[in-house]
Amino acid sequence: MRRTPALPSIVLAVALVSGCEESSSRTAAGSVLEQTAWRLRTDVTAALDADTGWGAALNEAATVAADQPFRLRVEVAGAAGADRGFTLESRRNDGEWTAVLARDFPYPDEISTPRVSVVEIDAYPPGAATTDLLDGSDGAFTGGAGVVLDSATVAWPGQGQSEWEWPLVIRRWADGAVTNEPGDRFDFRMVDSEGRPLGGRVATVHLEVPAGHLGGTYAETPGRLGPWSADDGTLYFPMEPAETWNALMMMVSRDGGAEWVEADAAGRPATVDLEGFATALHAGRVHMLHQTDSVFYHAFATTDDPAAPEGWAATDELVSVPSDPPSQTAAVEARGDGSVVAIYGDSLGLRLRIRSADGAWGDERILADDDGALLTGVQSARTDDDRVHIAYAALTGDERTIRHRTLHPDGALSAATTLADGIGTAVEEDAGALAPLVYLPGLDQVVVIYRDATGRPWERRVAADGSGPVSEPLRIADRAVVQNAVDADQAGFDAVGADDTAHLFFIDEESREVAHVAREGSGPWTAPRTVIEGADVQWIRGVVGTGADGEPVYSVVIDAGSDGGSGMNRYLELLLSGG
C-alpha cells in the first residue's frame, strides 16, 4: 500500500482568518453556481465523509506546512441548467489565477513540479461519492465526489448542492527553482466545465515552512555532502530544487539550520542532475565533484573564504568525459596545499585527476587492479598529512569485495588491499556498499565501514600512513542496513568521526528508522539507539558540529521519504552522546 509521506515533527496550526468572499458568477442561462462553504482537512488519511481531521472551522483559513499534503472540501450550490464538471484554480498572494494540475507528491511522475498540485492519497478511491457534510447551503444534496490525482471532477447534474474534496500540496520548491515563502497566502476557487469561475466563498490557506525544512531533491549517489559550517555559524548544503528541474543549488542557513534559502542563484552551475556527487570543505571553500555523462568541478566560497566573497567561485570545469560507469560515483578531497583530488567512475573502473592550487588539472590516471575487476562505489578520506585513502567495491564475476588504496602526497599510489568479501552479488544494488571513510586524528587511523550481503555493517581500520590494515573485520551491529532505498546503488548509512571516536548512523532496513552507534578508541561499538523515528528515511548525510549549548552534535540533512522525488529534505541536529 502506498504510504502518505509525512515529515517528522510537523505541526499544523490554525490561523483564525475568515475566508475571502467574491461576487457570484452567473452561467449562460442566468443561473448561479457558487462556492457556498469550504473547509480544510489536515488529516489526509481521514475517510472521505468523516467529520474529523479538520485544520480549522468552517470557512476559516488554516496554516499548512510546505510539502505536507492536505485536503480541501468545497460545497457548491445553485442551478446551472445542465451537467457540469469542475477544475480547481489557485492564486498566490493576489497574483494571477492558475489551473491546479494533477502532479503527485513527493514524486511528480517526471512531468513537472508546480507550486501547487492535486496529489494521490489512499483515503478514498477516485470519484468516490460524497455526502452532505458542510453546513453552507440548505438546498437538496445532489452529489459530489472526492478527487484523486486528477485535475477535473466527475460530472454533476448542476442543480441543488454538492460537495467536492481535493487532496493538495503546496511545495517549498518548484520548477524554475521558484519558492513558496513562509506566510504566503493561497486562494482556491473552482471553475466549471464552461470555463467560468464560481462565485461565493474563496477558500484560503496560509503557508508555514517548518524549522529545519529544506524541501527539494537529494543528490542521487552522494559522497560526503555536509552540511558544512563556516566560523560564523552559516551552514551550507547542496541539493536540487525538484526532480523535474534538477539544477545544482547551494542552500544556506544563517540561523542554526531553522531557515534555508539559496545563495548566489545567479551564479549557479549550468550542469544539472546530481548523480555521482561529493563535496569537501577546506580553507573556507566547498569543493564539489559532479559526475553525470561527464565529470565537472565546482566550488563555492563560504563566508570563511579569504580569497572570494560568498558565492560560486568556480563552475562547470570539465574534468573528464569517461565511458559510462555501472553507476555514477564520485569522491573528492581538498588537501592542505590547495590541491584537489578527484576520483570518479568509468565503464572499466575508476579514474583519478588532481587539480593544482592554481587551478590546473594534471594528467588523468586510471585506477585499475591487477585482476581486471570493475571498480565502483568509491569513498575517500584525507589525513592530516594529506594522504588520501580510497575505498571501493571491486566486481569480478559474482564476487564482490571491498578494496583499499592510499594516494600519497608525492603522487604514489599504493597497491590494492582487500578488506572484505561477501558484500553481495548484484552490481546495481550491492556495488555501493561503503559509508564515507572516517579519519580519526586521535588514533591516526582511517575507518572503513561497509555493508555485507546480509545487510550488517562491519568495519576495518587502516593505518593513516597507508601501511595497511591495523584491525580484523569487526561487526558493528546485528541489524540490517537498508540498501538501494531510492534507486541509487548505495547503502543507507553515514559515518563521521571526532578525535578518537567513530560514529555510524544507519537506516534500519525494516523500520526505516535511524539508529546511532559509536566506538571510542579501541573499545566496543555501543548498542544501537534510535535517534530518528516516524519517518521513512531514505538518505542521510552529515558532519560533526557544535550544538547551541556547545555540545558535539551530528549536523545532518535527511531525505524523509521522497521516493526519488522532492520536498522531503530536512535538517536536524542529533546529540552524539547517549542523550
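This one's a predicted model, so the numbers in the text were calculated from it and none came from an experiment.

Asker: Help me out: how do you make sense of the overall build of the chain in this one?
Answerer: Helix and strand content of the chain: 1 helix and 44 strands. Taking 2.2 N^0.38 as the reference for a compact globule, 579 residues should give roughly 25 Å; the C-alpha atoms of the chain span a radius of gyration of 27 Å, in line with that estimate. Overall, the chain is about 85 × 50 × 45 Å in size when its C-alpha atoms are taken along their principal axes. By the burial criterion, 59% of the 579 residues in the chain qualify as buried. The contacts of the chain with a sequence gap of at least 6 include a subset with a gap of at least 24, amounting to 58%. A total accessible area of about 20600 Å² is found for the chain, and carbon and sulfur atoms account for 47% of it. Side-chain charges in the chain split into 43 positive and 91 negative, and the spacing between the mean points of these groups amounts to 1 Å.

Asker: Teacher, can you tell me more about the pairing of strand β42 (residues 539-546) here?
Answerer: Judged from the 8 bridges that link them, β42 and strand β43 (residues 552-559) form a sheet pairing that is antiparallel. What sits directly across from Val543, in β43, is Ser555. Between β42 and β43, which follow one another and run antiparallel, lie 5 residues, and Gly550 among them has a positive phi close to 85°.

Asker: Looking at this structure, I do not really get the confidence of the model for the chain. What am I missing?
Answerer: Residues shown with low pLDDT carry predicted positions that ought not to be read at fine detail. Averaged over all residues, the pLDDT of the chain is 92; the fraction at 70 or higher stands at 93%. Scored below 50 in pLDDT, residues 1-31 shows 95 contacts in the model against residues more than four places distant or in partner chains.

Asker: What am I meant to see in the packing of aromatic side chains here?
Answerer: Any aromatic ring pair is given by two values, namely how distant the centres are and how the planes are angled relative to each other. Overall, the coordinates contain 9 aromatic pairs when judged by the stated rule. Between Tyr236 and Phe300, the aromatic rings sit 5.9 Å apart at their centres with planes inclined by 55°, giving tilted as the arrangement. Linking Tyr236 in strand β19 (residues 235-239) with Phe300 in strand β24 (residues 295-301), this pair joins segments that are 64 residues apart in sequence. Here Phe300 and Trp312 contribute two aromatic rings whose centre-to-centre distance is 5.1 Å and whose plane-to-plane angle is 90°, an arrangement assigned as edge-to-face. In this pair, Phe300 sits in strand β24 while Trp312 sits in strand β25 (residues 311-320), placing the two residues 12 residues apart along the sequence. Classification of Trp312 by relative accessible area gives buried; the value is 12%. Here the aromatic residues Phe86, Trp156 and Trp164 are joined through ring pairs into a cluster of three or more. Note that Arg41 overlies the ring of Trp54, its terminal NZ or CZ placed 4.0 Å from the centroid.

Asker: What exactly am I supposed to notice about the sheet that holds strand β28 (residues 350-355) here?
Answerer: Hydrogen bonds between backbone groups are what pair the strands of a sheet, and the pairing can be parallel or antiparallel. Pairing in this open sheet of 4 strands is antiparallel, and the strands run β26-β27-β28-β29 from one edge to the other. This sheet does not close on itself; its edge strands, each paired only once, are β26 (330-334) and β29 (365-367). Neighbouring strand axes in the sheet, compared pairwise and without regard to direction, differ in orientation by 20° on average.

Asker: Please clarify how the pairing of strand β15 (residues 185-192) should be interpreted in this entry.
Answerer: For a regular strand, side-chain orientation follows a simple rule: the groups alternate between the two sheet faces. Along β15, 8 of the 8 residues are buried, which leaves the element largely enclosed by surrounding structure. Burial of the side chains of β15 extends over both faces: Arg185, Asp187, Arg189 and Val191 are buried on one face and Phe186, Phe188, Met190 and Asp192 on the other. Pairing of strand β7 (residues 86-92) with β15 involves 7 bridges; the strand directions are antiparallel. When the sheet's bridge partners are listed, Arg92 is paired in β15 with Phe186. The pairing of β15 with strand β16 (residues 199-208) spans 4 bridges and is classified as antiparallel. When the sheet's bridge partners are listed, Asp187 is paired in β16 with Thr204.

Asker: Teacher, can you tell me more about the side chain of Asp369 here?
Answerer: As for its position among the elements, Asp369 is in the loop between β29 and β30 (374-382). Discounting chain neighbours no more than four positions away, the residues touching Asp369 are Leu375, Tyr392, Arg403, Arg405 and Ala416.

Asker: Honestly, the pattern of salt bridges in this entry has me stumped. Any pointers?
Answerer: Should their charged atoms come close, side chains of opposite charge can pair. If you walk through the whole model with that rule in mind, you get 34 salt bridges. For Arg254, the salt bridge is made with Glu310, and the minimal N-O distance between the two is 2.6 Å. Here Arg254 is found in the loop between β20 (249-253) and β21 (261-263), whereas its partner Glu310 is found in the loop between β24 and β25, with 56 residues between them in sequence. Classification of Arg254 by relative accessible area gives exposed; the value is 52%.

Asker: For this particular structure, what's the right way to read the sheet that holds strand β22 (residues 276-282)?
Answerer: Judged by pairing direction, the sheet is mixed, and its 5 strands sit side by side in the order β17-β22-β23-β24-β25 without closing on themselves. With partners counted over all chains shown, the strands left at the sheet margins are β17 (221-222) and β25, one partner each. Alignment of β22 against strand β23 (residues 285-291), held across 7 bridges, turns out to be antiparallel. From the neighbouring strand, Ala278 faces β23, where its bridge partner is Leu289.

Asker: Teacher, can you tell me more about the environment of Ala330 here?
Answerer: Summarising the element assignment, Ala330 is placed in strand β26. Accessibility expressed as a relative area gives 3% for Ala330, which makes it buried. In sequence terms Ala330 and Ala80 are 250 residues apart; their C-alpha atoms lie 61 Å from each other. The contact partners of Ala330, leaving out residues within four places of it in the chain, are Gly223, Gly276, Phe277, Ala278, Leu289, Ile343 and Val378.

About the thresholds
Residues numbered from 1 in each chain as written. Predicted model: local features only at pLDDT ≥ 70, side-chain atom pairs only at ≥ 80, totals over all residues. Heavy atoms only, no water. Helix = DSSP H or I, 4+ residues; strand = E, 2+ residues; numbered from the N terminus. Rg over C-alpha atoms; globule rule 2.2 N^0.38 Å. Buried < 20%, exposed > 50% of the residue type's maximum accessible area, 1.4 Å probe, protein only. Contact = heavy atoms within 4.5 Å. Areas by Shrake-Rupley, 256 points an atom, 1.4 Å probe, with all protein chains shown as cover. Lys, Arg positive; Asp, Glu negative; His and termini not counted. Charge placed at Lys NZ, Arg CZ, Asp CG, Glu CD. Pairing = 2+ DSSP bridges. pLDDT = per-residue confidence, 0-100. Phe/Tyr/Trp six-rings, centres within 6.5 Å; stacked < 30°, edge-to-face > 60°. Lys NZ or Arg CZ within 6 Å of the ring centre and 35° of its normal. Axes fitted to C-alpha atoms, helices over the stretch in contact; angles between N-to-C directions. Salt bridge = Lys/Arg side-chain N within 4 Å of Asp/Glu carboxyl O.

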